[in-house]
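Below are the chains, spelled out letter by letter.
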Amino acid sequence: MSNAVFPTLPGLKWPVVKSPIFNTRVQSSVSGKEVRLSYDAYPVWQYTLSFDMLRAGATAELQTLMGFYLARSGSFDTFLFNDVTDNAVTDQSIGTGNGTTVLFQLVRTYGGFIEPIQNTNSAPIIKVNGVTKTLTTDYTIDQYGQVTFVTAPAAAATITWTGTYYYRVRFKTDMLQFSNFMSQLWEVGTCELMGIKL
C-alpha cells in the first residue's frame, strides 16, 4: 500500500467521470417480487480520466505518468488520488460527546449522505465545542481516519473537524495505453482509477 499521490499534470481532458459503485444482490421470484441485499454501506468510487496531451522530453509529463503507473505495477499497488472537486470539509460534525466515548470516525457529508474519511491530507483541525485540540496531546488519529481522544469529550460537546483528504485508489487494469500522436506529444485515452476500502 503506497502513500504516493497521483500526479497533477496538464493535459487532463474534460470530462472527468466520477462514479459511485454499490454492490447489491437482487433476487426475483416467479411472481416478479424482488428481494434485495446490499453488501456495501458506502460506495466504491471510480474515476475515469483522459489526457489529450502529455509532453515527453524536458517537461517529462509522459515519463511522470508512465513512471507512476510502472511503479504501481499496474493494478497491484494502491495510491492516493486528490479529487479537486471533493477533497475538503470545514467544521464537519463527527459526533457528540457523552463523557465516555473516546473514538470518533472522520466523515464528510455530501448532499446529506455521510461517508467515512480515511486518508487525510495533512493534520486535520479537531475541535470540541469550538475549541481547537492539539494532536498527540489531546488526541491521536490513525490511517483509517479514527480520532481517539486522551480524555472523552464531555456530554453534549460538539466534535468537528476541518481539513482535506484523498481517495485511496488503484489502477483498474494492468494495461494503460499511451499513444504517440506527434513528435514528443502523447495521449492517454482512458485512465481508470478504482476506489479501495481499507
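Above this text is the structure in question.
Residues numbered from 1 in each chain as written. Predicted model: local features only at pLDDT ≥ 70, side-chain atom pairs only at ≥ 80, totals over all residues. Heavy atoms only, no water.

Q: Residues and numbers for the sheet that holds strand E13 (residues 146-149), please.
A: In a beta sheet, neighbouring strands are held together by backbone hydrogen bonds and run either parallel or antiparallel to one another. Reading across from one edge, E7-E13-E12 is the order of the three strands in this open sheet, with antiparallel pairing throughout. The strands lining the two open edges of the sheet, one partner per strand, are strand E7 (103-105) and strand E12 (139-141). Taking each pair of neighbouring strands and ignoring which way they run, the sheet shows an average axis angle of 20°. Pairing geometry for E12 and E13, over three bridges, is antiparallel. Paired with Thr140 across the strands is Thr148, a residue of E13. (Pairing = 2+ DSSP bridges. Helix = DSSP H or I, 4+ residues; strand = E, 2+ residues; numbered from the N terminus. Axes fitted to C-alpha atoms, helices over the stretch in contact; angles between N-to-C directions.)

Q: Mind laying out helix H1 (residues 61-71), listing which residues take part and the relevant values?
A: Those residues of H1 that sit buried are Glu61, Leu62, Leu65, Phe68 and Tyr69. Each buried residue of H1 sits inside an arc of 145° when the element is viewed along its axis, so together they form one side. Structurally, H1 contributes buried residues whose contacts are with strand E4 (44-55), strand E5 (79-81), strand E14 (158-171), strand E15 (178-182) and strand E16 (185-195). In the segment just after H1, Ser73 is the residue with positive phi, at about 55°. (Buried < 20%, exposed > 50% of the residue type's maximum accessible area, 1.4 Å probe, protein only. Arc of directions from axis to C-beta. Contact = heavy atoms within 4.5 Å.)

Q: Quick rundown of a nonpolar patch on the surface? Include the residues and the values.
A: A contiguous nonpolar patch, built from Met1, Tyr144 and Leu198 and spanning about 290 Å² of accessible area, is present on the exposed surface. Looking at the secondary structure, you find Tyr144 in the loop between E12 and E13. Here Tyr144 falls in the partly exposed class, since its relative accessible area comes to 34%. (Patch = residues over 30% accessible without salt bridge, like charges linked within 9 Å, V, L, I, M, F, W, Y side chains within 5 Å. Areas by Shrake-Rupley, 256 points an atom, 1.4 Å probe, with all protein chains shown as cover. Salt bridge = Lys/Arg side-chain N within 4 Å of Asp/Glu carboxyl O.)

Q: So what about the nonpolar core? Which residues, and what values?
A: Ranked by size, the top nonpolar core spans 37 residues in total, and within it Phe6, Phe171 and Leu193 carry the most contacts. Of all elements in the fold, only E4, H1, E5, strand E6 (88-96), strand E10 (119-128), E13, E14 and E16 reach the threshold of two or more residues within this core. Apart from residues no more than four positions distant in its own chain, Phe6 is found in contact with Leu49, Phe51, Leu65, Phe68, Phe79, Leu80, Phe81, Phe171, Cys191 and Leu193. (Core = buried A, V, L, I, M, F, W, Y, C linked by side-chain atoms within 4.5 Å.)

Q: With reference to specific residues and values, describe the pattern of salt bridges.
A: Taken as a whole and judged by the stated rule, the model has nine salt bridges. Two residues, Glu61 and Arg55, come together in a salt bridge whose shortest N-O distance is 2.4 Å. Taking relative accessible area as the criterion, Glu61 reaches 6% and is therefore assigned buried. Salt-bridge contacts for Asp91 lead to Lys127; the nearest nitrogen and oxygen are separated by 3.8 Å. Of this pair, Asp91 sits in strand E6 while Lys127 is found in strand E10, placing the two residues 36 residues apart along the sequence. Note on Asp91: relative accessible area 41%, which makes it partly exposed. Several salt bridges converge on common partners, so that one network encompasses Lys18, Asp83, Asp86, Arg108 and Glu115.

Q: Give a description of the side chain of Glu115 that names residues and reports values.
A: Inspection of the secondary structure puts Glu115 in strand E9 (residues 113-116). For Glu115, a relative accessible area of 7% puts it in the buried group. A distance of 2.9 Å separates polar atoms of two side chains, one belonging to Glu115 and the other to Trp45. A distance of 2.7 Å separates a polar atom in the side chain of Glu115 from a polar atom in the side chain of Arg108. Setting aside residues up to four positions removed in sequence, Glu115 forms contacts with Tyr42, Pro43, Trp45, Leu106, Val107 and Arg108. (Polar contact = N/O pair within 3.5 Å; in protein donor to acceptor, adjacent residues only side chain to side chain.)

Q: Account for the environment of Tyr42, naming residues and giving values.
A: Positionally, Tyr42 belongs in the loop between strand E3 (34-38) and E4. In the structure, Tyr42 is positioned 154 residues away from Ile196 in sequence and 11 Å away in space, judged by C-alpha atoms. Apart from residues lying up to four places away in sequence, Tyr42 is in contact with Phe22, Phe113, Ile114, Glu115, Pro116 and Lys197.

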